[in-house]
Amino acid sequence: MTAQPTNLSGLDLRAEIDRLRIERKAVILAHYYQRPEIQDLADFVGDSLELSRKAAATDAEVIAFCGVKFMAETAKILSPEKIVVLPDLDAGCSLEDSCPPDKFAAFRAQHPDHIALTYINCSTEVKALSDVIVTSSSAETILAKIPPEQKIIFGPDRHLGGYLNRKFGRDMLLWPGVCIVHEAFSETELLKLKAQHPDAPIAAHPECPAHIVDHADYVGSTSGILNYAKAMEGDTLIVATEPHIIHQMELAMPGKTFIGAPGADGNCNCNICPYMALNTLEKLYLALRDLSPRIEIEEGLRLEAKKSLDAMLAMASATVGQGDLGRP
Ligand code: SF4
């Protein structure tokens, strides 16, 4: 259970987190969608697999993963010898929730001639039921290596799967999951924003629906969008992904302007991930102090899930983490 942040008034949380980081031999990871104050004190900021791989390469004894549960589980799969804590165990993901392992197993059983290519945003159990995991950075490279005649189930994100189907002319069977954050972008409001900034390119995450991706000048993972922002010639970018990534953009490129793509009423907070937002400095402090809540995975399950992650790394080791899906 997640500890409640009580009686912490008067504590210098940043100093206490720094003290515990050393005392616990901990590495603090922050996903790009975390609130800025967490990004600013993390040892590494990045996307989910990149963070897990960086943490695995350290000699830290504790990983404090400021992200969501499937990300912390991925870190545990890659670093079973380390203690992995997640500041709030309720930090889930709508994509993971959309894909219960029993239903996924039944779907697979209905299509025995299909392999399962599965987006990393899923539970450890679903990873264990999959053949190859992909990230938004590696999906294109991996799909290009699978013969066109091979039938594929792609889950749980139907928008990423649909994007890949359109780009590669494939006919993958799509699990009907969505990211509630990327689903919330409004095409009408995006076009209004574009009319106000006609020279600003649009960069979109492939978890966005087709009616958003189709307007994008660049489609890619969070790392890919960040790299695109660094390389672009103009000084303004419209960003269609969770807006907390703009913090890293503004740190790296203070002279450029980054505008978050709007949601349905043009001014809502519906593009802020409610799961990521559950993590706070208070909960991070408590997680390091109490080494709880911990991520634990049964060893047989971990090894099964690791097979599909290893398959991904073997197929895409040259590109994983570079974040480039290119143009649609
Ligand atoms: S932004 Fe979407 S995909 Fe990412 S953790 Fe939140 S709900 Fe899941």
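As the structure is a prediction and not an experimental result, all values here were calculated from the model.

Describing the pairing of strand β11 (residues 236-240)
With 5 of 5 residues buried, β11 is to be regarded as a mostly interior element. Burial of the side chains of β11 extends over both faces: T236, I238 and A240 are buried on one face and L237 and V239 on the other. In this sheet, strand β12 (residues 257-260) lies alongside β11 in parallel orientation, the contact comprising 4 bridges. Its bridge partner being in β12, I238 is matched across the sheet by I259. Handedness of the β11-helix α13 (residues 246-252)-β12 crossover: right-handed.

Observations concerning empty space enclosed by the protein
Evaluated as defined, the whole model comprises 1 cavity of 30 Å³ or more. Its volume calculated, the largest cavity comes out at about 350 Å³. Forming the walls of the largest cavity are 32 residues, and the residues nearest its centre are H31, Y33, M71, N121 and E207. Of all the secondary structure elements, the ones that give two or more residues to the lining of the largest cavity are α3 (48-56) and α4 (69-78). With 3 residues, α3 is the single largest residue contributor to the lining of the largest cavity. Looking at the lining of the largest cavity residue by residue, the class counts come to 15 nonpolar, 13 polar and 4 charged.

Digging into the side chain of E96
Position of E96 relative to the elements: it lies in helix α5 (residues 94-97). Despite its burial, E96 pairs with no opposite charge; the closest candidate is K69, at 4.6 Å N-O. Not counting residues up to four positions away in its chain, the partners in contact with E96 are F70, N121, C122 and S123.

Concerning the environment of S9
Secondary-structure assignment places S9 in the segment before α1 (13-23). Each C-alpha atom of the pair S9 and V62 lies 26 Å from the other, and the pair is 53 residues apart in sequence.

A short note on the confidence of the model for the protein chain
On average, residues of the protein chain carry a pLDDT of 93, and 94% of them reach 70 or more. Within the model, the stretch residues 318-328 combines pLDDT values under 50 with 41 contacts to residues more than four positions away or in other chains.

Rules of the game
Residues numbered from 1 in each chain as written. Predicted model: local features only at pLDDT ≥ 70, side-chain atom pairs only at ≥ 80, totals over all residues. Heavy atoms only, no water. Buried < 20%, exposed > 50% of the residue type's maximum accessible area, 1.4 Å probe, protein only. Helix = DSSP H or I, 4+ residues; strand = E, 2+ residues; numbered from the N terminus. Pairing = 2+ DSSP bridges. Right-handed = clockwise from strand over helix to strand, strands pointing away. 1 Å grid on protein atoms, 1.4 Å probe; cavity = no way out; pocket = protein on both sides within 12 Å on 5 of 7 lines; lining within 4 Å. Points joined across faces, edges and corners; volume = space filled by probe spheres on them. Nonpolar A, V, L, I, M, F, W, Y, C, P; charged D, E, K, R; others polar. Lys, Arg positive; Asp, Glu negative; His and termini not counted. Salt bridge = Lys/Arg side-chain N within 4 Å of Asp/Glu carboxyl O. Contact = heavy atoms within 4.5 Å. pLDDT = per-residue confidence, 0-100.

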